[in-house]
Amino acid sequence: MDGSSRAARILVASNRGPVAYSVGDDGELRSRRGGGGVVSGLSAIESDSASLWVCAALTEGDREAVRRGVAEPGSRMIAVDPDVFHAAYNDIANSVLWFVHHMLYQTPLEPAFDQDFRTEWAAYETYNAAFADALAEEAATGASVLVQDYHLALVPAMLRERRPDLRIGHFSHTPWAPPDYFRLLPDDIAVALLEGILGADRAAFLTRRWADAFAACCADVLGATVSADGREVTHRGRTTRLGVHGLGADADFLRERAHRDDVAEQMATLRAETGPGRRLIVRVDRTELSKNIVRGLYAYRRLLTDRPGWRSRVVHVAFAYPSRQDLAVYREYTQEVARVAEEINAEFGTADWQPVLLKVDDDFARSLAAYRLADVALVNPIRDGMNLVAKEMPVVSDNGVALVLSREAGAFEELGDDAIVVNPYDVSATAEALNTALTLPDAERADRTKRLAAAATALPPTQWFLDQLGALEA
Ligand code: G6P
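Residues numbered from 1 in each chain as written. Predicted model: local features only at pLDDT ≥ 70, side-chain atom pairs only at ≥ 80, totals over all residues. Heavy atoms only, no water.

- Per an unreviewed UniProt entry, the protein is named Trehalose 6-phosphate synthase, and its organism is Actinacidiphila paucisporea.
- The protein has a UniProt comment under Sequence similarities (unreviewed entry) that states "Belongs to the glycosyltransferase 20 family." (UniProt positions renumbered as here; feature names shortened; annotations may be inferred.)

Written out as structure tokens, the structure is:
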């Protein structure tokens, strides 16, 4: 679709879009569906002429698609200069904002905001302005625009300046940092981020906890007024409503997809690899620092050390698909995961038992196979906006799954009652929780799985999207 049409009545904007392009050896463009919770939620947008999904060109293949004028129906990709994109996405969004909201800094050393940071911040502004320009060009008078996530925190205010007639919403898919931690950021940057989002008519979050943290930052950093019920923030004479929409799992899609032949084949392979009859502790994540994969492995090692009865009777299946590998700290973390897994295998493994089965690549059918076979799901993030894996596993599980869940995941708000809850830093307690999960009586496990699945599917992606839109337009 080409620009300047001012025809779209519903627009969404996100960094990652519905498809990613690559150029094949034959010079042809190939497209692949994008991944992640944001994409699965936003896919509910209709691909008709009144709707438009604006996203960034992330790769050389994407930029080539833009050059050739190729686009998915109902979407528009923005190709900013690759260096600007790199600074905005890798250096600011993923290395600063992601770290702040997930509280990942090791503060004696990091962060140290210097001149480079200022240059990168300018790129983040340029990248946000490119989105605001494109949305301003495409939106019909009075249209609704749903801006997504930390990559685009400045867009609401920038867009309001360009098009005061629009209804603007912002949705955060991450946690929001509490004020004391948020204040790590240079003062002017902290102000810019909050005022950027407050440019929206409505700012929404995955849980009440993150919405409250945002409101607390507005009060603390900006001196904004928060209403007594915490549902509105007023700053410089404008009021922004706060909302909560807990994105749920897509039960229909998952159950159908999980019963196709390729998943059955993967289940057979997985059974052969892990050995018949062994219990499976399963985790599926991006190779993401906040997912806490290494402490999960430590907890498993502690279980095998303290409770030798489990040796050779259990396998820890860890699927971690590569993410953000442009960043050294992500590459190092991925290596550390592999190193610790090998250590455990060397320490406990026998001729016919490999204690950890780690796979570092992306294979959705294989993940679904592991979901179906899992006895225990390990979801122990340091902090997580929601964590959809915790919601997906109970939905597709064949025989019931016991969920070990971090209290710092957004999903805890909805699933906490039927999960075995852990402090993600407490390795010994996580080991004990794994033992509790492995020994849960079958009937209780089945009951809990049923309740978990019901809670996990309370707000399917389509409804999540429509609720956001409805609340913005109300
Ligand atoms: C999180 C973020 C999303 C992001 C996804 C994958 O869920 O909230 O905005 O798309 O992670 O990360 P990536 O950097 O690969 O887009």
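**Digging into the environment of Thr334**
Argument step 1. Turning to its location among the elements, Thr334 is positioned in helix α12 (residues 328-348).
Argument step 2. Between the alpha carbons of Thr334 and Ala454 there is a distance of 34 Å; along the sequence they are 120 residues apart.
Argument step 3. Contact partners of Thr334, with chain neighbours within four places excluded, come to Thr287, Gln325 and Val360. (Helix = DSSP H or I, 4+ residues; strand = E, 2+ residues; numbered from the N terminus. Contact = heavy atoms within 4.5 Å.)

**Regarding the site of the ligand**
Argument step 1. The environment of the ligand is made up of Arg16, Val38, Tyr89, Asn94, Trp98, Asp149, His151, His173, Arg286 and Arg324.
Argument step 2. Tyr89 places a polar side-chain atom, nitrogen or oxygen, 2.4 Å from an oxygen atom of the ligand.
Argument step 3. Between the ligand and the protein, one listed contact pairs an oxygen atom with a side-chain N or O atom of Asp149 at 2.5 Å.
Argument step 4. Starting from 370 Å² of accessible surface for the ligand in isolation, the protein chains cover 87%.
Argument step 5. In terms of residues, the shell around the ligand owes the most to one element, helix α3 (residues 82-101), which gives three residues. (Near = heavy atom within 4 Å. Polar contact = N/O pair within 3.5 Å; in protein donor to acceptor, adjacent residues only side chain to side chain. Areas by Shrake-Rupley, 256 points an atom, 1.4 Å probe, with all protein chains shown as cover.)

**Quick look at helix α17 (residues 442-456)**
Argument step 1. Spanning 15 residues, α17 covers 21 Å between terminal C-alpha atoms, matching the ideal 21 Å at 1.5 Å per step.
Argument step 2. Every buried residue of α17 is listed here: Arg445, Arg448, Thr449, Leu452, Ala453 and Ala456. The buried residues of α17 all sit within an arc of 135° when viewed along its axis, so they share a single face. Opposite the packed face of α17, turned more than 90 degrees from it, sit the exposed residues Ala443 and Lys450. (Expected span 1.5 Å × (residues − 1). Buried < 20%, exposed > 50% of the residue type's maximum accessible area, 1.4 Å probe, protein only. Arc of directions from axis to C-beta.)

**Topic: the side chain of Arg445**
Argument step 1. By the element assignment, Arg445 lies in helix α17.
Argument step 2. Classification of Arg445 as buried rests on a relative accessible area of 6%.
Argument step 3. Polar side-chain contacts of Arg445 include one of 3.5 Å to the backbone oxygen of Gly400.
Argument step 4. Setting aside residues up to four positions removed in sequence, Arg445 forms contacts with Arg279, Asp375, Asn399, Gly400, Val401, Ala402 and Leu440.

**Describing the nonpolar core**
Argument step 1. Core analysis: the biggest nonpolar cluster contains 172 residues, and Trp176, Phe182 and Phe214 have the highest contact counts within it.
Argument step 2. Viewed by domain, this core spans two of them, domain 1 (3-247 + 463-473) and domain 2 (251-456), each represented by three or more residues.
Argument step 3. Setting aside its immediate chain neighbours within four residues, Trp176 contacts His101, Phe182, Leu194, Ile197, Phe205, Trp210, Ala213, Phe214, Cys217 and Arg383. (Core = buried A, V, L, I, M, F, W, Y, C linked by side-chain atoms within 4.5 Å. Domains from an automatic or database assignment.)

**Considering the sheet that holds strand β8 (residues 202-205)**
Argument step 1. In space, the nine strands of this open sheet follow the order β5-β4-β1-β6-β7-β8-β11-β10-β9, with mixed pairing throughout. Strand pairing shows two members of the sheet lacking a second neighbour, β5 (75-78) and β9 (225-226), which therefore form its edges.
Argument step 2. Relative to strand β11 (residues 238-244), β8 runs parallel, the two being bridged by four bridges. In the strand pairing of β11, Phe205 is matched with Val244.
Argument step 3. Where helix α8 (residues 208-222) meets the sheet, it contacts β8, β9, β10 (232-235) and β11, and its direction lies at approximately 155° from that of β11. (Pairing = 2+ DSSP bridges. Axes fitted to C-alpha atoms, helices over the stretch in contact; angles between N-to-C directions.)

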